[in-house]
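Listed here are the chains, written in short residue letters.
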Amino acid sequence: MRKYLVIGNPIEHSLSPKLHNYWLEKNSIDAIFEKKKVEQEEIKSLISKIKKEEIYGINVTVPFKKAVIPFMDELTTEANETQSVNTIYLLEDKVIGHNTDISGFELGIKYSKYNVKNKTVFILGAGGVVPSIIVALKRMGAHKIILSNRTKEKAKKLKLFFKDIEILDWGILPKVNMIINATSIGLNKNDKLEVDLKKFGSNNFFFDIIYNPQETDFLKKAKQLGNKTENGKMMFIYQAHQAFTIWHKIMPNIDEETINLLKE
Ligand code: ATR
């Protein structure tokens, strides 16, 4: 039986095994997808198992999307332009590092029928997934991307890579069309992002990359203020969908049942 993994730290919360194992069964594929909490030192030997075909594919999550790069033989364009790898596979004896977060975000936004073209977008946070969000927003034709992170240094580092983004001090809220929470605030039910959402006005689109819990305080307040909101569930499903398609050469179905799988 072929083995696939998602690695990260922490990893308990990951719903990737649930989703991938569901699709594996639906498509009668003789494989298993497991989660593994790893330490930095274990990454090298784990990835060597891809070459030896002891593991057939790896999904990478926080905080290792960058840390795995030195162990790749090749990066795809998407992984290279974000310096972020979330999907690993073997192709013609080479370990390939790829990024499906970009298309995951893009398809997730399209699913919610929001048109990013010519919009001004504000991103809160500068963590591992943010480069993918920036690339996706640019691909979708965003007019301008503004970013703010509690630790400004991290935001500045991103600007070295994406020169046309604008950086604001934490707490300053610009007039925009779309606001993305890309911080980890909200993962715990009692988390509150100390941002006065009223300052953004109404009729904006609020997106949270968090999908568990389904409605963060950020989305709840935004909705109460008359905005359109969406959580990160479809982004998560689509990034998994792309990885599954690469590994198994089969496009799994995304239907009500799939979406309901991720409900608590
Ligand atoms: P990593 O930073 O290791 O990539 P992440 O989960 O992808 O981890 O990112 C966490 C994001 O949430 C960061 O932008 C972080 O801000 P810092 O860079 O200042 O740490 C943000 N974050 C986490 N807790 C926060 C808090 N209490 N207030 C504001 N931002 C917070």
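All values reported here derive from a predicted model rather than from experimental measurement.

Parameters at a glance
- Residues numbered from 1 in each chain as written.
- Predicted model: local features only at pLDDT ≥ 70, side-chain atom pairs only at ≥ 80, totals over all residues.
- Heavy atoms only, no water.
- Near = heavy atom within 4 Å.
- Polar contact = N/O pair within 3.5 Å; in protein donor to acceptor, adjacent residues only side chain to side chain.
- Areas by Shrake-Rupley, 256 points an atom, 1.4 Å probe, with all protein chains shown as cover.
- 1 Å grid on protein atoms, 1.4 Å probe; cavity = no way out; pocket = protein on both sides within 12 Å on 5 of 7 lines; lining within 4 Å.
- Sits in = over half its atoms within 2 Å of the grid points.
- Nonpolar A, V, L, I, M, F, W, Y, C, P; charged D, E, K, R; others polar.
- Domains from an automatic or database assignment.
- Buried area = accessible area lost by both parts, 1.4 Å probe.
- Salt bridge = Lys/Arg side-chain N within 4 Å of Asp/Glu carboxyl O.
- Helix = DSSP H or I, 4+ residues; strand = E, 2+ residues; numbered from the N terminus.
- Axes fitted to C-alpha atoms, helices over the stretch in contact; angles between N-to-C directions.
- Parallel < 35°, antiparallel > 145°, perpendicular 65-115°, else oblique.
- Left-handed = near helix turned anticlockwise from the far one by under 90°.
- Contact = heavy atoms within 4.5 Å.
- Points joined across faces, edges and corners; volume = space filled by probe spheres on them.
- Expected span 1.5 Å × (residues − 1).
- Buried < 20%, exposed > 50% of the residue type's maximum accessible area, 1.4 Å probe, protein only.
- Pairing = 2+ DSSP bridges.

Peer 1: What am I meant to see in the site of the ligand here?
Peer 2: Around the ligand, the neighbouring residues are Gly125, Ala126, Gly127, Gly128, Asn149, Arg150, Thr151, Lys154, Trp170, Thr183, Ser184 and Ile185. In the environment of the ligand, an oxygen atom lies 2.9 Å from a nitrogen or oxygen atom belonging to the backbone of glycine 128. A distance of 2.7 Å is found between an oxygen atom of the ligand and a side-chain nitrogen or oxygen belonging to lysine 154. Isolated, the ligand exposes 620 Å² of accessible area, and the fraction of that covered by the protein chains is 70%. When atom positions are compared with the pocket grids, the ligand is found to occupy the largest pocket. Taken together, the residues of the shell around the ligand break down into 3 nonpolar, 7 polar and 2 charged.

Peer 1: Where do I start with the domain arrangement of the protein in this structure?
Peer 2: You'll often see interface size given as the accessible area lost when the parts meet. Partitioning the protein into domains gives domain 1 (2–99 + 239–261) and domain 2 (102–231). When the two sides are added together, the surface that domain 1 and domain 2 hide from each other amounts to roughly 980 Å², 55% of it contributed by carbon and sulfur. Among the salt bridges present, the one from arginine 139 reaches glutamate 78, with a minimum N-O distance of 3.6 Å. Where domain 1 meets domain 2, there are 2 residue pairs in polar contact (both at pLDDT 80 or more). Elements represented by at least two residues in the side of domain 1 that touches domain 2 include exactly α3 (77–82) and α8 (233–248). Here the side of domain 1 that touches domain 2 takes 4 residues from α3, the largest share from any one element. Considering only residue class, the side of domain 1 that touches domain 2 consists of 2 nonpolar, 7 polar and 3 charged.

Peer 1: Is there a simple way to explain the packing of helix α1 (residues 16–26) against α8 in this structure?
Peer 2: What describes two packed helices is the angle between their axes and the distance between those same axes. The N-to-C vectors of α1 and α8 enclose an angle of 50 degrees; their axes lie 11 Å apart at closest approach. When the interaxial angle is binned, α1 and α8 end up oblique. In the packing of α1 onto α8, the handedness of the crossing is right-handed. Packed against α1, whose contacting residues are Ser16, Leu19, His20, Trp23 and Leu24, the element α8 presents Phe236, Ile237, Ala240, His241, Ala243, Phe244, Trp247 and His248 at the interface. Here the contact of α1 with α8 is built from residues that sort into 9 nonpolar, 4 polar and no charged.

Peer 1: Which parts of the structure should I look at to understand the layout of surface pockets?
Peer 2: Gaps left between atoms show up when a probe the size of a water molecule is rolled over them. Reported here for the largest pocket is a volume of approximately 1,600 Å³. In terms of lining, the largest pocket is formed by 49 residues, of which the most central are Val62, Gly127, Gly128, Val129 and Ile209. Residue composition of the lining of the largest pocket, grouped by class: 22 nonpolar, 21 polar and 6 charged. When we break the lining of the largest pocket down by domain, the ones giving at least three residues each are domain 1 (2–99 + 239–261) and domain 2 (102–231). Taken as a whole, the second largest pocket spans an internal volume of roughly 230 Å³. Along the wall of the second largest pocket there are 13 residues; nearest its centre are Tyr56, Tyr89, Leu90, Trp247 and Lys249. In terms of residue count, strand β5 (residues 87–91) provides more of the lining of the second largest pocket than any other element does, 3 residues in total. Tallied by class, the residues present in the lining of the second largest pocket amount to 9 nonpolar, no polar and 4 charged.

Peer 1: Help me understand α8 in this model?
Peer 2: In an α-helix, one turn spans 3.6 residues, which is why side chains three or four residues apart end up on the same side. Across its 16 residues, α8 extends 22 Å between first and last C-alpha, which sits within 8% of the 22 Å expected from 1.5 Å per residue. Burial runs high along α8: 13 of the 16 residues are buried. Once α8 ends, the next one or two residues include lysine 249, with phi positive near 55 degrees.

Peer 1: I keep staring at the sheet that holds strand β3 (residues 57–60) and nothing clicks. Help me out?
Peer 2: Strand pairing in a sheet relies on backbone hydrogen bonds, with the paired strands running either antiparallel or parallel. Pairing within the open sheet is mixed, and its 6 strands lie in the order β2-β1-β3-β5-β6-β4. Edge positions in the open sheet fall to β2 (31–37) and β4 (74–75), since each of these has one partner strand only. Pairing of β3 with β5 involves 3 bridges; the strand directions are antiparallel. Directly across from glycine 57, in β5, lies its bridge partner tyrosine 89.

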